[in-house]
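Geometric and topological summary
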Amino acid sequence: MNVYYTGLFVTFLINVLCALSVYVILKSGQISVGNAGFMAVGGYVAGILSTVYGLGIPASVAAGSAAAALCGAVVGIPALRLKGTYLVIGTISFTAMIRSIAQVLDITGGAMGLKGMKRIGILWIVIFAVLVIALLFLFEKTRYGLDVEAVAADSEAAAAAGVRVILIKVLSFTLGAAIAGIAGGCYAHWTQYIEPSDFSTSVSTMMVLPVILGGRNRIAGAVLGAAVFTILPELLRFASVWRMVIYGVLVIAIVIVKPDGLISGRKRHA
Amino acid sequence: MFSQQIVNGILLGSMYALLAISYTLVLGVLNMLNLAQGEILTAGALVACAILSAGGSMPAALFASVLVCIALSLLVEFFCLRLPRGDTQVVTTIAMGMILQNVYTGLWGSESIKFRGLSSGFAIRISTLEFNATQILLLAITAALMIALSLLIDRSRFGREMRALSDNRTAARVSGVNIGRVTVLTFALSGLIAGISGVMAGMVFTSVTAFTGGTIGDKAMVAMVIGGTGSAFGAGIAGIILGIVEILSVGYLGAEYREIVVFPLLILFLWLRPSGIFGKGRVERA
């Protein structure tokens with residue numbers, strides 16, 4: 001593989017992780033527009049642990065993911081008790097808050113950014129992505145998966161049937177944040193340089209769209225969405241900034257014509 | 001020094017206040033969070049900027065800005081709310097915001113463009129405070145709009161229909177409220193406010209970029225929650241408080257601390273008082 005295709009492949013894997021982090025939260029009937037914030041937490045924590053404290057790459061990425069999960073709970077718990085709008089605004093604000101903190105701290109390098117991370121091997125990114133996908137497939141087969149679908153379909157009915165709705169929502173949210181944290185850790189160690197503006201609100205929103213495009217009911221939908229999201233800008237390179245316009249129009253068209261996304265089929269439980 | 005900063009804060013805040021009111025109109029009445037609202041404001045600012053640079057007058061610029069913003073607002077209503085089925089507004093308005101922002105970058109580039117504001121030497125002095133013509137105009141517009149909107153929502157027939165719709169859609173429909181008409185008018189009104197805020201943003205910042213609206217939009221949303229969703233008055237007051245907090249953070253902590261207080265404040269409100277300062281405690285729980 002030459003450098004171009006290697007880079008594209010890694011971008012694809014990181015986009016898959018990002019899309020899955022949104023997918024997990026969407027699956028429970030919620031929406032997060034702040035996953036770039038969780039990604040930033042994962043990236044900065046992993047980057048600082050490996051550059052300042054000399055931690056090895058897989059361990060630092062895992063620690064970054066844990067820190068992101070913790071943040072997910074802090075933002076999620078108050079917002080989860082409220083209707084979705086507050087969650088959207090809360091997650092957008094969280095991302096802005098993380099950006100402004102990274103901007104002023106010395107340890108994050110401020111506006112100059114954090115550098116000096118060792119390059120992560122592609123193998124590790126593949127392992128992380130495969131691990132996350134495998135775990136999610138497993139989860140969906142368990143009781144947790146059923147509970148999540150029940151909460152998304154009708155949270156009041158689910159509560160009446162004995163599903164612990166709040167717990168399920170917080171868990172999904174925390175899991176999504178953890179996956180975004182892994183994406184951040186991989187990203188930081190792949191580009192070997194991160195700065196606050198890498199994690200803007202538009203990055204968060206870019207993480208939501210592939211899932212909607214590919215199909216929000218299936219893991220395969222999120223993966224397909226990430227693939228389209230990675231390849232389409234390359235194919236439309238001639239169109240420069242207009243390619244994002246084309247992409248946006250495509251997303252709205254899909255939502256209008258095929259509301260469930262490209263891979264629609266809801267899974268049926270006999 | 002301190003009082004001058006308060007004045008600057010109020011100016012910055014009045015812009016957040018106006019946009020927060022346009023968010024809260026759409027959210028309160030239609031239960032829809034329009035995440036493209038900030039980008040709509042940007043369109044107004046850019047168009048006004050272009051007209052002023054071409055030698056047009058301020059009223060012409062304001063008129064064009066309002067017109068463009070109303071048109072975009074109706075575009076959002078049609079493509080993001082009416083056409084898609086189901087609960088997809090967050091996604092469709094995000095996509096619309098992205099489309100708009102990239103159209104601006106395509107047409108205007110991502111450099112900041114100078115905004116030719118009012119150039120009158122007129123100024124009022126109150127002891128050590130100095131207000132120039134732009135500042136007086138901005139304060140007057142904000143105050144007038146806040147009063148007019150409060151009256152519109154509380155006193156007029158249209159306002160009554162909006163409130164009926166926000167309370168109970170079905171009940172409003174059977175009582176003869178034309179839901180389609182109220183929806184379109186609410187969006188047009190939010191576009192009108194965005195258009196005025198766009199020109200104000202140009203005056204306050206003295207330059208405009210393709211990203212101007214996005215930044216203002218995030219803070220306006222924070223103001224809306226802190227003020228209490230659905231309350232135009234609350235959104236206005238909270239917007240002004242946010243402006244003051246931001247200017248004081250810059251003044252006493254440094255420019256890179258601009259946003260460090262604003263966003264944690266929102267998280268704090270979500271934990272402690274999600275219905276906001278002026279909310280009626282009527283926050284829908286999931």
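Remember, predicted model here, so these are calculated numbers, not experimental data.

**Things to note about the pairing of strand 3 (residues 129-132) of chain B**
All names here are of chain B. Every second residue of strand 3 is oriented toward a common face, the buried set being Leu129 and Phe131 and the non-buried set Glu130 and Asn132. Taken together, the four bridges between strand 2 (residues 123-126) and strand 3 define a ladder with antiparallel strand orientation. Across the sheet, the residue bridging to Ile124 is Phe131, located in strand 3.

**Overview of the packing of helix 1 (residues 3-27) of chain A against helix 5 (residues 122-141) of chain A**
All names here are of chain A. Running from N to C, helix 1 and helix 5 point in directions that differ by 25°, and their axes come no closer than 10 Å. In this view, helix 1 runs roughly parallel relative to helix 5, as classed from their interaxial angle. Taken as a pair, helix 1 and helix 5 cross one another with a handedness that is left-handed. Of the residues in helix 5, those in contact with Thr6, Phe9, Val10, Leu13, Val16, Leu17, Leu20, Tyr23, Val24 and Lys27 of helix 1 are Ile122, Ile125, Val126, Phe128, Ala129, Val132, Ile133, Leu136 and Glu140.

**What about the interface of chain B and chain A?**
With 44 residues of chain B at the contact, the number on the chain A side is 44 residues. A combined buried area of about 3900 Å² lies between chain B and chain A, and 77% of that area is made up of carbon and sulfur atoms. Looking at the side of chain B that touches chain A, the elements with two or more residues in it are helix 3 (58-82), helix 4 (89-108), helix 9 (212-227) and helix 11 (262-272) of chain B. Ranked by the residues each element gives to the side of chain B that touches chain A, the list is headed by helix 4 of chain B, at 13 residues.

**A closer look at the packing of aromatic side chains**
All names here are of chain A. Overall, the coordinates contain nine aromatic pairs over all chains when judged by the stated rule. Ring centres 6.2 Å apart and planes at 55° place the aromatic pair Tyr44 and Phe199 in the tilted group. Here Tyr44 is found in helix 2 (residues 35-51), whereas its partner Phe199 is found in the loop between strand 2 (193-194) and helix 9 (201-214), with 155 residues between them in sequence. Across the pair, exposure class does not vary: Tyr44 and Phe199 are buried alike. Between Tyr187 and Phe199, the ring centres sit 6.3 Å apart and the planes meet at 80°, which makes this aromatic pair edge-to-face.

**Details of the nonpolar core**
Generally speaking, soluble globular proteins have nonpolar side chains that are buried together. Residues Leu20, Phe38, Phe94, Cys186 and Tyr247 of chain A together with Leu33 and Phe115 of chain B are the most contacted members of the largest nonpolar core, which totals 161 residues. Element by element, the count of residues in this core is highest for helix 1 (residues 2-30) of chain B, at 14 residues. Once residues lying within four places of it in the same chain are set aside, the contact partners of Tyr247 of chain A are Leu209, Pro210, Leu213, Phe229 and Leu232 of chain A together with Met98 of chain B.

**Regarding a nonpolar patch on the surface**
On the surface, Val52, Tyr53, Ile101, Leu105 and Ile107 of chain A cluster together to form a nonpolar patch covering roughly 460 Å² of accessible area. Positionally, Val52 of chain A belongs in the loop between helix 2 and helix 3 (57-80).

Calculation criteria
Residues numbered from 1 in each chain as written. Chains lettered and ligands numbered in written order. Predicted model: local features only at pLDDT ≥ 70, side-chain atom pairs only at ≥ 80, totals over all residues. Heavy atoms only, no water. Buried < 20%, exposed > 50% of the residue type's maximum accessible area, 1.4 Å probe, protein only. Helix = DSSP H or I, 4+ residues; strand = E, 2+ residues; numbered from the N terminus. Pairing = 2+ DSSP bridges. Axes fitted to C-alpha atoms, helices over the stretch in contact; angles between N-to-C directions. Parallel < 35°, antiparallel > 145°, perpendicular 65-115°, else oblique. Left-handed = near helix turned anticlockwise from the far one by under 90°. Contact = heavy atoms within 4.5 Å. Buried area = accessible area lost by both parts, 1.4 Å probe. Phe/Tyr/Trp six-rings, centres within 6.5 Å; stacked < 30°, edge-to-face > 60°. Core = buried A, V, L, I, M, F, W, Y, C linked by side-chain atoms within 4.5 Å. Patch = residues over 30% accessible without salt bridge, like charges linked within 9 Å, V, L, I, M, F, W, Y side chains within 5 Å. Areas by Shrake-Rupley, 256 points an atom, 1.4 Å probe, with all protein chains shown as cover. Salt bridge = Lys/Arg side-chain N within 4 Å of Asp/Glu carboxyl O.

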